[in-house]
Amino acid sequence: MQIMIQQKIHRIPMIDEKGTILTIVTQFQVVKTLSQNIQQFAFAKDSISQLNLGSRSVYTIHMTKPCIEAFDLIRKKQVSGVAVVNEDGFLVGNLSSSDLKHIGFQGEKIGRLLQPIEMYVQLERDNIPLYCVREEDSLSSAIQKMIETNSHRLYIINSEKIPIGVVSLVDILKCFVSHLSIE
């Protein structure tokens, strides 16, 4: 886990003594494995706020902006996703670097980058899943939501549904490392 955290590595190959890759372990798989034994970790009952979990810096973009601006923000801020908000600042969706796949593998749909985010997302998804938590939610419930939704991040929202932070897989791994002194 330390290597994944310190070097910001999302996947680690597991190799045998001959150098043959046996499997690839992902951050998501590690968190999923931890979730299967979550009752063993007393701190998992603590709230996101109590654990100071996640980042209170969340990058947002308005849903009427062109997609290319969102991907540029992702690149400039060196994050993997941004929160999509409406005119009131309410969280309405997420756009991540993996959404670039919707322009096609040969770029045949590159014009979609000039479309408003709301149209781009609507073309590719019937429902925008809102993966969010509140500061009073427990670490355990946040992990469960990530596993159930196959998500790599959850937005922390306030009572008005305005994003105030983000919890990533790395944040969860850091929490376990700090509480268990894993090296």
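Residue positions within a chain follow its written sequence, with the count starting from 1. At least 70 in pLDDT is required for a residue's local features to be given in this predicted model, at least 80 for side-chain atom pairs to be given and counted, and no such filter applies to totals for whole chains, interfaces and linings, which use all residues. As a convention, hydrogens and water are excluded, and side-chain values are obtained from all of the structure's heavy atoms.

Peer 1: Any chance you could break down the overall build of the protein for me, citing the residues and the numbers?
Peer 2: Helix and strand labels come from DSSP, where a helix needs a run of H or I of at least four residues and a strand needs a run of E of at least two; each type is numbered from the N terminus. Secondary structure assignment for the protein yields six helices and eight strands. Along the protein, helices (α) and strands (β) appear in the sequence α-β-β-α-β-α-β-β-α-β-α-β-β-α when read from the amino end. Per-residue accessibility, obtained with a 1.4 Å probe over protein chains only, is compared with the maximum for each type, and a residue is labelled buried under 20%, exposed over 50%, and partly exposed between these values. The proportion of buried residues among the 183 residues of the protein is 40%. What makes two residues a contact is simply this: any of their non-hydrogen atoms within 4.5 Å. Taking as baseline every contact in the protein between residues at least 6 positions apart, the subset at least 24 positions apart corresponds to 56%. Here the Shrake-Rupley method, with its probe set to 1.4 Å, supplies the accessible areas, and only the displayed protein chains count as covering residues. Split by element, the accessible area of the protein, about 10,700 Å² in all, is 51% carbon and sulfur.

Peer 1: Which residues make up the sheet that holds strand β3 (residues 60–62), and what values go with them?
Peer 2: Overall, mixed pairing links the three strands, which are arranged β3-β4-β5 in an open sheet. Two strands in the sheet have a free side with no partner beyond their single neighbour: β3 and β5 (91–96). Taken pair by pair, the neighbouring strands of this sheet meet at an average axis angle of 35°, ignoring direction. We call two strands paired when DSSP finds no fewer than two bridges between them. Where β3 meets strand β4 (residues 81–85), three bridges bridge the pair, whose relative direction is parallel. Bridge pairing in β4 places His62 opposite Val85. On top of the sheet, helix α3 (residues 67–77) reaches β3, β4 and β5; it is set at about 65° to β5, its chief contact. To get an axis, a line is fitted to the C-alpha atoms, and for a helix only the part in contact is used. The angle between two axes follows their N-to-C directions and goes from 0 to 180 degrees.

Peer 1: Outline the confidence of the model for the protein, listing residues and values.
Peer 2: pLDDT is defined as a per-residue confidence score from the predictor, taking values between 0 and 100. Within the protein, residue pLDDT values average 84, and 86% of them lie at 70 or more. Within the protein, the element-level pLDDT minimum falls on helix α1 (residues 2–6), averaging 65, and the maximum on β3, averaging 94. In the model, residues 123–128 has pLDDT below 50 throughout and makes 10 contacts with residues more than four positions away in sequence or in other chains.

Peer 1: Just give me the short version of the pairing of strand β1 (residues 11–15), but keep the residues and values in it.
Peer 2: Every regular strand shows the same layout, with side chains that alternate between the two sheet faces. Relative to strand β2 (residues 21–26), β1 runs antiparallel, the two sharing five bridges. Across the sheet, residue Ile15 finds its bridge partner in β2, namely Ile21. The antiparallel hairpin formed by β1 and β2 contains five residues in its connecting segment, where Gly19 sits at a positive phi of about 90°.

Peer 1: Give a detailed account of the environment of Val79, specifying residues and quantitative values.
Peer 2: Its location among the elements puts Val79 in the loop between α3 and β4. Separated by 17 residues in sequence, Val79 and Ser96 have C-alpha atoms that sit 8.6 Å apart. Ignoring any residue separated from it by four or fewer positions in sequence, one finds Val79 in contact with Tyr59 and Ile74.

Peer 1: An account of the environment of Thr23 is requested, with residue identities and associated values reported.
Peer 2: Position of Thr23 relative to the elements: it lies in strand β2. Distance in space between the C-alpha atoms of Thr23 and Ile12 is 8.5 Å, their sequence separation being 11 residues. Discounting chain neighbours no more than four positions away, the residues touching Thr23 are Ile12, Pro13 and Met14.

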